[in-house]
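Analysis of the macromolecular model
Okay, here's what each chain looks like letter by letter:
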Amino acid sequence: MGSKWYTQWTTFLIIQILTSPTYTISSFNFTNLEFPKSFIFSTASSAYQIEGAWNVSGKGESIWDRLAHTNPDAILGGVNGDVACNSYYKYKEDIQLIKDIGFKMYRISLSWSRLFPNGYTTNLNDDGVSYYNAVINELLANDIVPMVTLYHWDLPQKLEDEGGWLNANISNIFGDYARACFKLFGDRVKWWLTINEPYLVASGYGNIDYAPMLNQHGTGEYISGHNVLRAHAKAYRIYDKEFRSSQGGNISLPFFGNFYFPKSESSIMDVEAAERANQFTIGWFAHPIFSKKGGYPEVMIENIYNKSIAGGLNESRLPTFTQEEIEELKGSCDYFGLNHYTTKLTEFGINGEDPSINTDMEVVYSINPNIPTAASPTFQVIPKGLRAALVWIKEQYNNPHIFITENGYCDTGEVQDEKRISYHTDYLKEVSGALKEDGCKILGYTVWSILDNLEWRKGYTLKFGLVQVDFNSTERPRKKKLSAQFFKELLQRHSSSKGVSMHYTEFLCLALIFINILCYIY
Ligand code: BGC
């Protein structure tokens, strides 16, 4: 008699839970991963990292094509982006993967030299226009909103030959390019981003981390960064004046938003070093746009001036904006785009080539060996760093809306990518905390990246994708990783009424407790 009751009640319990509109059972733990209905989940890629077809149908050469083809040491393994993920041909398959996982937005970038082979808008390549029209239309047909970055580091080589981002006139050339893109695609694209992570664009001139690897430390980073800001402001004002009223979109830029913590909280020197590092990285580009006063952060102006004079110059190596430029830059983002991957520890110190941003900043970074890292030691997994960055931005810039335009974890490409799942789970919990407890206004979260792809100078050694790509096969076959399933379930919960989910271990515990009670009674 007892066992009959036991069987009936257990079956009843299981059926109730499985069919309940509120509860679902999963092998993933979604505790504290609830987000407001309006919160957008997105994923991302960039042209050079996935497209391939580097010289197909009239595409011009970019600085990354040139670097990969002429400097065998530039990219690990001597590889290049000639084929990459072959997404130029496989974009429909990519979009089906994105749809299947359930993302409602996809961030792509336009290859400037595919659209305008020599960078100038007088030189339009029809095939480039058709390609991006096809991608945008395919996204819309699948109910995926395109977020489009105008520039993700692949400058047309012709413009580099004219000085690249060191050339003051690049701001006008970029303005023309932006206008042409708004005209071509703005009827369908409502989310625009201008220039991906100006901090890293500038590092291609100040050091050798990115193309064109000029290494003009101490001046190259500041001059190129200055022109990137002027170019961004031009594009923003063009959109504002000529397109916003008819196209009704928004425009921002994705800031490099890794964060810095003091090595020791109790050391004033370390605390100050962390604040300086945040101002020299996030503040360098965000202060001119989001602060009330405009222009560069005070600590950058002061430090670079003092170091320049001490180095025998009679003016600062940091360029100055005209009053008109200051005004043009202020408020030139509709929200704060944040790319965040990791947090570093800082202390006072002079390190690196002198002069350079590092010696101007007077900060030395360190890594706590007890904290896990991703496949590259520079990516320490410190989820609370993302929350601290969100709160820092809120406090510095009067609580702007923030869209997390990149966050991701790199490994060596395994399909059973449990560590990627933990990374996103823990970082997303911090995002949820920042939303619910800290009052940050966060619009969405973008997973970098949909596909394993060309990780710049690291080649194909670091993999960020939710989907594996076999780079040894000419077909570049794709295979979903476990993390794709994790996001699929998370996004199903997000878009359905199944707001509360139960991890299967919790479900089993509950069932066992229930069985025990029944056994005890009967
Ligand atoms: C860039 C991506 C890059 C990622 C991982 C970001 O800063 O925007 O292009 O793949 O970092 O390193």
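The rules behind these values
- Residues numbered from 1 in each chain as written.
- Predicted model: local features only at pLDDT ≥ 70, side-chain atom pairs only at ≥ 80, totals over all residues.
- Heavy atoms only, no water.
- Helix = DSSP H or I, 4+ residues; strand = E, 2+ residues; numbered from the N terminus.
- Buried < 20%, exposed > 50% of the residue type's maximum accessible area, 1.4 Å probe, protein only.
- Pairing = 2+ DSSP bridges.
- Core = buried A, V, L, I, M, F, W, Y, C linked by side-chain atoms within 4.5 Å.
- Contact = heavy atoms within 4.5 Å.
- Near = heavy atom within 4 Å.
- Polar contact = N/O pair within 3.5 Å; in protein donor to acceptor, adjacent residues only side chain to side chain.
- Areas by Shrake-Rupley, 256 points an atom, 1.4 Å probe, with all protein chains shown as cover.

Brief notes about unusual backbone geometry
In this structure, Pro212 follows Ala211 across a cis peptide bond, with omega equal to 5°. Structurally, Pro212 is set in the loop between helix H9 (198–206) and helix H10 (220–247). Between Asp354 and Pro355 the backbone carries a cis peptide bond, its omega angle lying at -5°. A positive phi is found at Glu362, a non-glycine position, where the angle reads about 55°. Looking at the secondary structure, you find Glu362 in the loop between helix H14 (357–361) and strand S11 (363–366). Its identity is not glycine, yet Asn399 carries a phi of approximately 50°, on the positive side.

Let's talk about the pairing of strand S8 (residues 259–262)
Every second residue of S8 is oriented toward a common face, with Phe259 and Phe261 on one face and Tyr260 and Pro262 on the other, all of them buried. As judged from the 4 bridges shared by S8 and strand S10 (residues 343–348), these two strands associate in the parallel manner. Its bridge partner being in S10, Pro262 is matched across the sheet by Thr346.

Regarding the nonpolar core
The biggest cluster of nonpolar side chains holds 151 residues, and the ones touching the most others in it are Trp165 and Trp192. Contacts of Trp192, omitting those with residues within four sequence positions, involve Leu110, Val148, Leu150, Cys181, Phe182, Phe185, Gly186, Tyr239, Asn250, Ile251, Ser252 and Tyr335. Of all hydrophobic cores here, the second largest spans 7 residues; its members include Met105, Met147, Leu193 and Tyr335.

Focus on the site of the ligand
Neighbouring the ligand are 14 residues; Gln49, His152, Glu197, Glu406 and Glu455 lie closest to it. Measuring from an oxygen atom of the ligand, one finds a side-chain N or O atom of Gln49 at 2.8 Å. Between Glu455 and the ligand, the recorded distance is 2.5 Å, taken from a side-chain N or O atom to an oxygen atom. Alone, the ligand offers 310 Å² of accessible surface; in the complex the protein occludes 96% of this.

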